[in-house]
Each structure stands twice: as structure tokens, then as C-alpha cells.
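Observations on the three-dimensional arrangement
Now for the letters of each chain:
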Amino acid sequence: MDISIVVPLYNEAESLPELEQWISRVMAEHGFTYEILFINDGSTDSSWDVICSLARKNPAVKGVSFRRNYGKSPALNTGFLRAKGDVVITMDADLQDSPDEIPELYRMITQDGYDLVSGWKQKRYDPLSKTIPTKLFNATARRVSGIRNLHDFNCGLKAYRSKVVKHIEVYGDMHRYIPYLAKNAGFTRIGEKVVHHQARKYGTTKFGLDRFVNGYLDLATLWFTNKFGIKPMHFFGLLGSLMFLLGFIAVVAVGATKIYNMHVGRPYILVTDSPYFYLALVLMLLGTQLFLTGFLGELIVRNSPRRNDYEIETTLNLPD
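Thresholds applied
Residues numbered from 1 in each chain as written. Predicted model: local features only at pLDDT ≥ 70, side-chain atom pairs only at ≥ 80, totals over all residues. Heavy atoms only, no water. Helix = DSSP H or I, 4+ residues; strand = E, 2+ residues; numbered from the N terminus. Expected span 1.5 Å × (residues − 1). Buried < 20%, exposed > 50% of the residue type's maximum accessible area, 1.4 Å probe, protein only. Contact = heavy atoms within 4.5 Å. Pairing = 2+ DSSP bridges. Axes fitted to C-alpha atoms, helices over the stretch in contact; angles between N-to-C directions. 1 Å grid on protein atoms, 1.4 Å probe; cavity = no way out; pocket = protein on both sides within 12 Å on 5 of 7 lines; lining within 4 Å. Points joined across faces, edges and corners; volume = space filled by probe spheres on them. Nonpolar A, V, L, I, M, F, W, Y, C, P; charged D, E, K, R; others polar. Parallel < 35°, antiparallel > 145°, perpendicular 65-115°, else oblique. Left-handed = near helix turned anticlockwise from the far one by under 90°.

With that settled, the discussion passes to helix H10 (residues 275–302). For H10, with 28 residues, the first-to-last C-alpha span of 41 Å sits near the 40 Å given by 1.5 Å per residue. Every buried residue of H10 is accounted for by Phe-277, Ala-280, Met-284, Gly-287, Leu-290, Gly-294, Gly-297 and Val-301. Where H10 is buried, its residues contact helix H9 (233–264).

With respect to topology, 7 strands assemble into an open sheet ordered S3-S2-S1-S4-S6-S5-S7, the strand pairing being mixed. Bordering the open sheet on either side are strand S3 (61–65) and strand S7 (190–194), each of which pairs with just one other strand. The mean inter-strand angle of the sheet, taken between neighbouring strand axes irrespective of direction, is 20°. Inspection of the sheet shows strand S4 (residues 87–90) paired to strand S6 (residues 158–161) by 4 bridges, in the antiparallel sense. For Val-87, the partnering residue across the bridge sits in S6 and is Arg-161.

Once that is clear, we can look at empty space enclosed by the protein. Inspection of the entire model under this criterion finds 1 cavity of 30 Å³ or more. Space inside the largest cavity adds up to approximately 80 Å³. As for the largest cavity, its lining consists of 13 residues, and the residues nearest its centre are Lys-72, Leu-76, Thr-90, Cys-155 and Gly-156. Contributions of two or more residues to the lining of the largest cavity are made by helix H3 (72–82) and S6. Along the lines of polarity and charge, the residues of the lining of the largest cavity split into 6 nonpolar, 4 polar and 3 charged.

The next point concerns the packing of H9 against H10. It is the contact of H9 with H10, at a shortest axis distance of 7 Å, that shows an interaxial angle of 160°. As judged from the angle between their axes, H9 and H10 are roughly antiparallel. Where H9 crosses over H10, the handedness of that crossing is left-handed. When its residues are assigned to classes, the contact of H9 with H10 shows 19 nonpolar, 8 polar and 1 charged.

So, in C-alpha cells, the structure goes:
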């Protein structure tokens with residue numbers, strides 16, 4: 001099969017028939033073999049009934065329905081697990097992503113050799129309250145991830161080589177960082193294509209401003225787990241050691257100051273009367289706790305069944 005199109009959706013009953021017809025027309029014009037995977041994320045409208053109706057008319061239409069709303073990342077991950085095409089395309093169900101972009105995305109994967117191609121909605125039909133935070137978010141994501149050539153991490157229209165989606169796990173709200181997840185899994189041939197962005201035709205957006213706050217928190221989590229996930233002592237142990245050392249130096253300084261003042265006959269105060277003494281103790285206690293956190297993290301990692309689970313591309317002349 002050439003293409004699997006994964007469409008996560010929540011309450012998009014009005015747009016689904018038009019989207020299915022549009023996709024089917026594009027596939028027929030270019031002679032692609034395909035499947036459309038509609039992942040119904042606990043919709044409360046008639047979305048699932050519409051999907052069932054479309055499946056009866058078009059055998060390429062398949063569907064999965066969650067009992068409740070879990071979010072876009074679980075929907076995408078479910079679609080990735082079931083996708084059978086050589087190239088996997090993801091797109092939103094609100095008709096803001098154009099299926100006419102699919103042939104060129106497919107060509108960039110199969111002929112240009114990309115592992116992942118992300119859409120870039122260079123001209124957006126969104127209010128400033130959405131576009132300005134999006135620009136700041138994407139700038140931060142480029143900086144942290146090191147993928148400098150992407151302008152729109154969160155664009156729903158993306159194309160993947162099949163093995164990419166089979167080797168990444170999209171969870172929580174990590175759909176915003178699929179290119180980063182792919183890079184961390186060793187798929188570094190990541191490209192971008194300017195795509196047409198259309199104004200929403202039906203319904204309203206399902207995302208609020210809280211996604212920007214959550215997005216930064218998820219980015220910090222992803223960065224930390226990628227850099228220190230299998231070596232937590234390198235972070236907690238180093239930070240804890242530095243804090244303990246600073247606290248110890250501060251205690252010595254407070255004590256030495258008192259001894260010096262006593263020696264030269266100057267007025268002095270008790271060590272326990274100095275606020276710096278207690279600040280130093282706090283630093284030493286925090287340093288000790290951070291060091292023990294890193295130690296416990298190392299014990300957890302050492303006992304993880306996936307501690308030596310590496311992504312092997314190929315082997316040559318190795319015995320069984």
C-alpha cells in the first residue's frame with residue numbers, strides 16, 4: 001500500500017464527508033493505493049456515525065473510536081500502530097489542511113529521501129492572539145530541539161516514512177514535537193514544505209491558550225528525558241554536588257569569620273546567629289537531596305527492562 005492517511009478528530013461530523021471525497025479524488029488522480037484511518041477521539045456529535053457511513057461506501061475508509069476524549073497524541077499513536085502504508089500522512093479533520101499537498105509530500109519521502117516532512121503554514125488564517133504565541137513557541141522549539149529548518153512544529157499536515165511512526169511513541173501532548181521525537185529516535189532527515197492553510201469551514205477550534213503553557217512544559221520534559229533519561233545522576237548528582245559544595249564553603253566562611261574576629265579582638269556574633277549559616281545549611285540539605293534523587297534515578301534506570309533497548313539500523317555478518 002502506498003499511503004496511509006491518519007486523521008484524528010473530535011466533533012468534526014460536518015467536515016468528514018467533504019474531506020473523504022477530497023482525499024479520494026486526489027488518490028484516484030495520482031493512482032495511489034491508500035487507506036484513510038479516522039481516529040474518533042471520543043466525539044459527542046455524530047462523527048462516528050458519519051465514519052461508519054463513509055466506510056460502507058468506500059472500503060479504503062477505516063476507523064477507530066475511543067470511549068472518551070483522550071487527546072490528539074493518543075489518537076495519532078493509535079493510528080500509527082495501525083497504519084500499513086509505505087508513507088504515512090497525518091492531517092486534521094477540519095479542512096484547514098489541503099489533501100492536494102499529499103502527492104508532493106509523498107514524493108519528498110519516496111524520492112528525496114526524507115524520513116519526515118513537516119508542513120509549514122506560512123500564511124495563516126488565524127487571529128493574532130494565536131499566530132504571535134505560535135511564532136514564539138516555534139522559535140523556542142527550534143532552539144531546544146536543534147531542528148533549525150522547521151518553522152511550524154505543530155502543523156497537523158506531515159508525512160513520514162513508515163518505519164518512523166513504528167519507532168516512536170506519541171503520548172501526552174507530544175504530538176507538537178513529533179519531529180523532535182523522530183530526531184531522538186535517529187531519524188534525522190527532516191524536511192519542510194510550505195503548505196496551503198485554509199480558514200476553518202465548520203465548527204470551532206478545539207484548542208485553547210493553555211496549549212502554549214502545556215507546550216513549553218512538554219518541551220522541557222522532552223529535552224530532559226532525552227538528555228538525562230538514562231543518566232539522571234549526571235544532572236541531579238552534579239547540581240546536588242555544586243549546591244552542597246557552595247553550602248559547605250559558606251559554613252566554613254561563617255566559622256572562619258568568627259574565629260578571625262575573636263583573634264584580632266573585634267566584636268563577633270555566634271555562628272548560629274548569622275543568617276548565612278542557615279542559608280548554607282539549606283544549600284547543603286538541598287544538595288544532599290538532589291544527589292540522592294540522582295542516585296535513586298540511577299537505580300530505577302538500571303532495573304529498567306529497556307535500559308539497553310537501542311535502535312539498530314542494520315547488522316553485517318554477525319552470528320546468530
